[in-house]
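Secondary and tertiary structure notes
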Amino acid sequence: MKLEDIIAEIEKQLGPLDEKARKAVELALAMAEDEKAEELTWQGENPPFEMAAKMPPQQRGRLLQELEQLNRKWLERKASELGARRLLVIDGEVVRFGKSPADILSDEEMEAICRKRGKLPLLFFPLRPVEETVRWHATQYANDAYPIITLNFADKTTAVAWLR
């Protein structure tokens, strides 16, 4: 859809736009296009499997880490779109993904993919925010605390909650 078509549709729904509102729509669309183009582009290539198999693990890890950092926004967006807990990516193609931590590849499956594709895949695990549900109690020392654990004792007639 062209800019003029979008403005015409907005004016159809909301009424005529003044010059300032037109400029705001133009700017918003331009910013959205820039962001969309930036996020959707995969950069770089996965290393060839045979070459990577001969490398020391540290060097192999550095190569994959650089590829991950270069494509972090792309990887996070793909994981979000797919609802994935892990992505297996080769040259910008999601080869496999898992939606639960239990959905993992065996070593044999991973090696089969490497040999079939001829590339070492990037295995990406998106970071999940950690929710801390433990409460903390301050001690007599500055910047020091210990966790408080709630224990519930109950029988058929009585229930006691104990914080410690």
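This is a predicted model, so every value here is computed, not measured. (Residues numbered from 1 in each chain as written. Predicted model: local features only at pLDDT ≥ 70, side-chain atom pairs only at ≥ 80, totals over all residues. Heavy atoms only, no water.)

A closer look at the overall build of the protein chain
How we decide: Here a helix means four or more residues in a row that DSSP labels H or I, a strand means two or more in a row labelled E, and each is numbered from the N terminus. When accessible area is computed with a 1.4 Å probe and restricted to protein chains, residues below 20% of their type maximum are described as buried, those above 50% as exposed, and intermediate ones as partly exposed. Working rule for contacts: check all heavy atoms of both residues, and any pair within 4.5 Å makes them a contact. The accessible surface values rely on the Shrake-Rupley method and a 1.4 Å probe; as for residues, cover is taken only from the protein chains in view.
Across its full length, the protein chain carries six helices and seven strands. Counting from the amino terminus, the protein chain carries its helices and strands in the arrangement α-α-α-α-α-β-β-α-β-β-β-β-β. When each of the 164 residues of the protein chain is scored for burial, the buried share is 22%. Excluding contacts between residues fewer than 6 apart, the proportion of contacts in the protein chain whose partners are at least 24 apart in sequence is 44%. Summed over its atoms, the accessible surface of the protein chain is roughly 12,500 Å², and 55% of this surface lies on carbon and sulfur atoms.

Observations regarding the sheet that holds strand β2 (residues 93-98)
How we decide: In this scheme, strands are said to pair when DSSP sees at least two bridges between them. Each axis is a line fitted through C-alpha atoms, and for a helix only the stretch in contact is used; angles between axes span 0 to 180 degrees, taken between their N-to-C directions.
What the three strands build is an open sheet, ordered β2-β1-β3; its pairing is antiparallel. At either end of the open sheet lies a strand with only one pairing partner, and these are β2 and β3 (122-124). Across the sheet, the mean angle from the axis of one strand to that of its neighbour is 20 degrees, orientation sign disregarded. The pairing of strand β1 (residues 86-90) with β3 spans three bridges and is antiparallel. Opposite V89, over in β3, you have L122 as the bridge partner. Packed onto the sheet, helix α5 (residues 72-82) meets β1, β2 and β3 and runs at close to 125 degrees relative to β1.

Concerning the pairing of β1
Within β1, five of the five residues are buried, which leaves the element mostly enclosed by the surrounding structure. Alternating positions in β1 separate into two faces, R86, L88 and I90 on one and L87 and V89 on the other, with burial throughout. In this structure, the hairpin formed by β1 and β2 is closed by a connection of two residues, where D91 is found at a positive phi of approximately 50 degrees.

Notes on the nonpolar core
The line we're drawing: Here the nonpolar core consists of buried residues drawn from Ala, Val, Leu, Ile, Met, Phe, Trp, Tyr and Cys, with membership extended through side-chain atoms lying within 4.5 Å.
W42, L75, L87, V89 and L120 are the most contacted members of the largest nonpolar core, which has 15 residues in total. Counting residues per element, the ones that place at least two in this core are α3 (49-54), α4 (57-70), α5, β1 and β3. Top element by residues in this core is α5. It accounts for three residues. Leave out the neighbours within four places in its chain, and L120 touches N46, P47, P48, F49, A52, R60, L64 and C114.

Observations concerning the packing of aromatic side chains
Our working rule: Only Phe, Tyr and Trp rings take part, Trp by its six-membered ring, and two of them pair if their centres are within 6.5 Å. Stacked means planes under 30 degrees apart, edge-to-face means over 60, and tilted covers everything else.
On inspection of all chains with the given rule, the structure shows one aromatic pair. Their ring planes at 75 degrees and their centres at 4.8 Å tell us that W42 and W74 sit as a pair that is edge-to-face. Of this pair, W42 sits in the loop between α2 (19-39) and α3 while W74 sits in helix α5, and the two are 32 residues apart along the sequence. Taking relative accessible area as the criterion, W42 reaches 15% and is therefore assigned buried.

Details of the side chain of N71
The residue N71 is located in the loop between α4 and α5 in this model. Once you skip the residues sitting within four places of it in the chain, N71 turns out to touch T41, W42 and Q43.

With respect to unusual backbone geometry
A positive phi angle is found at D91, which is not glycine, with a value near 50 degrees. Considering the arrangement of structural elements, one finds D91 in the loop between β1 and β2.

Re helix α1 (residues 3-14)
In plain terms, the rule: Multiplying 1.5 Å by the helix residue count minus one yields the expected span of that helix.
With 12 residues, α1 ought to run about 16 Å at 1.5 Å a step, and its terminal C-alpha atoms sit 16 Å apart, in line with that. Looking one or two residues past α1, G15 carries a phi angle of roughly 100 degrees, positive in sign.

Brief notes about the pattern of salt bridges
Under the convention used in this document: One side-chain nitrogen of Lys or Arg within 4 Å of one carboxyl oxygen of Asp or Glu is enough to make a salt bridge.
A complete count under the given rule lists 12 salt bridges for this structure. Put simply, K119 and D91 hold a salt bridge, and the shortest N to O gap is 3.0 Å. Of the two residues, K119 sits in the loop between α6 (107-117) and β3 while D91 sits in the loop between β1 and β2, which places them 28 residues apart along the sequence. Ionic pairing is found between R117 and E93, a salt bridge with its closest N-O pair at 2.9 Å. Remark: E93 occurs in strand β2 and R117 occurs in helix α6; sequence separation between them is 24 residues. By relative accessible area, R117 is classed as partly exposed at 35%.

Distances and angles like these do not, on their own, reveal function.
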